[in-house]
Number of protein chains: 2
Amino acid sequence: MTTPEEQSPLWIDAETTVAARPADHKMELRLWLRLLSCSRLIENDIRRHLNAEFDFSLPRFDILAQLDRADAGLVLGEVSKRLMVSAGNITSLVEGLVKSGHITRTTSSGDRRAQVIRLTDKGRREFRRMAKVHGDWIARYFEHLSQKDIDKLMDLLASLKDSTRETILARQQP
Amino acid sequence: MTTPEEQSPLWIDAETTVAARPADHKMELRLWLRLLSCSRLIENDIRRHLNAEFDFSLPRFDILAQLDRADAGLVLGEVSKRLMVSAGNITSLVEGLVKSGHITRTTSSGDRRAQVIRLTDKGRREFRRMAKVHGDWIARYFEHLSQKDIDKLMDLLASLKDSTRETILARQQP
DNA sequence: CGCCGATAGTTTAATTCTAAAATAATCGCT
DNA sequence: AGCGATTATTTTAGAATTAAACTATCGGCG
């Protein structure tokens with residue numbers, strides 16, 4: 001409680017835990033920034049590749065990727081949720097993908113508010129072609145990590161995702 | 001090294017390593033998607049908060065954050081590099097921050113091409129006020145993780161960043 | 001049935017972002 | 001000194017993004 005911070009005071013005992021430290025949160029901030037920079041580094045590189053080699057944008061690719069796993073198609077809201085982007089954003093991307101012939105869009109039979117989108121044959125063909133190369137790029141970002149590190153990272157990120165979700169939820173219902 | 005992937009084919013022996021496996025790269029792809037979703041989850045939440053509580057945008061906040069650590073100010077290119085966003089993007093954000101009185105911008109004395117930006121008193125004051133709360137938000141995303149997990153995650157993300165950089169560099173010079 | 005709150009999408013306005021071309025200044029050489 | 005390559009930034013055109021207001025539909029309940 002009375003503890004000075006980041007200078008690593010050696011006299012901190014085992015009871016002086018995270019919660020008991022003063023609220024500087026320097027460690028967590030650094031962790032977040034590190035996470036963000038990994039993410040941007042990779043995302044930017046993927047975007048550049050996709051543009052350069054296939055003349056295709058990353059958000060468009062992301063939508064096709066969601067659809068490739070969903071044979072029955074997906075409702076727009078579901079796509080929005082999975083990609084974690086706003087609903088309004090999906091509308092125009094979908095419009096473009098319909099126009100370019102990669103997907104179809106139909107009103108759900110059960111619910112006339114809902115729009116279901118599906119890959120066309122062309123869409124699936126082109127997505128698969130890109131996805132093959134895309135998988136190779138991705139794997140290379142991790143190629144200097146051991147399998148053990150990769151497994152551990154998987155675990156930790158799963159925990160982080162859970163932790164974050166919980167935190168966000170908790171704040172919405174006090 | 002010997003780890004089977006998610007279908008757990010028990011017959012894969014110890015020699016069937018990453019390199020020897022067929023090039024599906026499923027594991028790496030999942031890892032990347034998990035990293036991305038942690039990142040977006042947190043980033044979106046921070047953005048919402050900053051907007052709701054301070055009526056300030058995340059990219060603007062990010063620029064102030066860089067400047068708060070740099071008393072001598074920063075050259076635009078350096079800001080662009082650190083935030084990993086394109087140079088053209090910085091130009092207009094800086095313009096806005098100058099207009100709102102949070103930063104100043106002067107031509108570098110040594111190099112008339114370069115523009116140096118610095119926090120104004122107002123900018124520093126307002127940034128610090130926001131940063132205090134911001135630090136608290138961030139810490140909460142990690143609050144369900146042990147200190148050990150946080151440390152491990154720090155390590156692994158550092159390795160990943162290195163690995164990724166190496167991969168990206170290697171591709172540019174064959 | 002008929003209203004009412006919730007849900008699915010779209011629209012709108014404004015911001016953020018990128019890639020690529022243009023501008024301007026510096027640096028390294030000869 | 002001056003030329004050519006490099007570097008720092010700006011401009012441009014267009015895509016992606018969000019929040020918030022709006023429209024249409026659904027589902028439940030009196």
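Cut-offs applied
- Residues numbered from 1 in each chain as written.
- Chains lettered and ligands numbered in written order.
- Predicted model: local features only at pLDDT ≥ 70, side-chain atom pairs only at ≥ 80, totals over all residues.
- Heavy atoms only, no water.
- Contact = heavy atoms within 4.5 Å.
- Buried area = accessible area lost by both parts, 1.4 Å probe.
- Salt bridge = Lys/Arg side-chain N within 4 Å of Asp/Glu carboxyl O.
- Polar contact = N/O pair within 3.5 Å; in protein donor to acceptor, adjacent residues only side chain to side chain.
- Helix = DSSP H or I, 4+ residues; strand = E, 2+ residues; numbered from the N terminus.
- Nonpolar A, V, L, I, M, F, W, Y, C, P; charged D, E, K, R; others polar.
- Axes fitted to C-alpha atoms, helices over the stretch in contact; angles between N-to-C directions.
- Parallel < 35°, antiparallel > 145°, perpendicular 65-115°, else oblique.
- Buried < 20%, exposed > 50% of the residue type's maximum accessible area, 1.4 Å probe, protein only.
- Pairing = 2+ DSSP bridges.
- Near = heavy atom within 4 Å.
- Least-squares fit on C-alpha atoms with pLDDT ≥ 70 in both.

Moving on, we get to the interface of chain A and chain B. It is common to report an interface's size as the accessible area lost on association of the parts. If you look at the interface, chain A gives 59 residues, while chain B gives 61 residues. Of the roughly 6,400 Å² buried between chain A and chain B on both sides combined, carbon and sulfur atoms contribute 71%. When the buried area of chain A at its contact with chain B is split by residue, A:Leu31, A:Trp32 and A:Met154 rank highest and sum to 11% of it. Taken together, the connections running from chain A to chain B amount to four salt bridges. A salt bridge links A:Glu43 to B:Arg40; its shortest N-O distance comes to 3.5 Å. Summed over the shared surface of chain A and chain B, the number is 25 residue pairs in polar contact (both at pLDDT 80 or more). Within the residue set of the side of chain A that touches chain B, elements represented by two or more residues are α1 (26-54), α5 (121-141) and α6 (147-172) of chain A. The residue inventory of the side of chain A that touches chain B, partitioned by class, reads 28 nonpolar, 13 polar and 18 charged.

A word on the packing of helix α2 (residues 58-68) of chain A against helix α4 (residues 87-99) of chain A. Residues and elements named next belong to chain A. It is the contact of α2 with α4, at a shortest axis distance of 10 Å, that shows an interaxial angle of 85°. The orientation of α2 with respect to α4, classified from their angle, is roughly perpendicular. Contacts between α2 and α4 involve Pro 59, Arg 60, Ile 63 and Leu 64 from the first element and Ile 90, Leu 93, Gly 96 and Leu 97 from the second. In terms of residue class, the contact of α2 with α4 is made up of six nonpolar, one polar and one charged.

Residue and element names in this part refer to chain A. With respect to burial, strand β3 (residues 115-119) is a largely interior element, four of its five residues being buried. Bridging between strand β1 (residues 74-75) and β3 involves two bridges; their strand directions are antiparallel. For Val 75, the partnering residue across the bridge sits in β3 and is Val 116. Where strand β2 (residues 103-107) and β3 come together, five bridges link them in antiparallel fashion. Counterpart to Arg 105 in the pairing with β3 is Ile 117.

The next point concerns the protein's contact with DNA strand D. Around DNA strand D sit 22 residues in total, of which A:Ser57, A:Ser86, B:Gly77, B:Arg105 and B:Arg113 are the nearest. Of all DNA strand D atoms lying within 4 Å of any protein atom, the proportion belonging to sugar or phosphate reaches 74%. In the environment of DNA strand D, a phosphate oxygen lies 2.6 Å from a nitrogen or oxygen atom belonging to the backbone of A:Ser86. Within the backbone of A:Arg112, one N or O atom sits 3.0 Å away from a phosphate oxygen of DNA strand D. Its residues assigned to classes, the surface near DNA strand D shows eight nonpolar, eight polar and six charged.

Further remarks concern the sheet that holds strand β1 (residues 74-75) of chain B. Residue and element names in this part refer to chain B. Strand order in the open sheet formed by three strands is β1-β3-β2, and the pairing between neighbours is antiparallel. Two strands close off the open sheet at either side, each with one partner strand: β1 and β2 (103-107). Across the face of the sheet, helix α2 (residues 58-68) comes into contact with β1, β2 and β3 (115-119) while running at roughly 90° to β3. With respect to the sheet, helix α4 (residues 87-99) is in contact with β2 and β3, its orientation differing from that of β2 by roughly 120°.

It is worth spelling out the relation of the copies chain A and chain B at this point. What connects the two chain copies is a rotation about an axis and a shift along it. Laying chain A over chain B is done by rotating through 180° and shifting 0.0 Å along the axis; what remains is an RMSD of 0.0 Å. Such values leave the two copies arranged in the relation of a two-fold axis. A shared binding surface is used by both copies, with 100% of the interface residues of chain A retained as interface residues in chain B.

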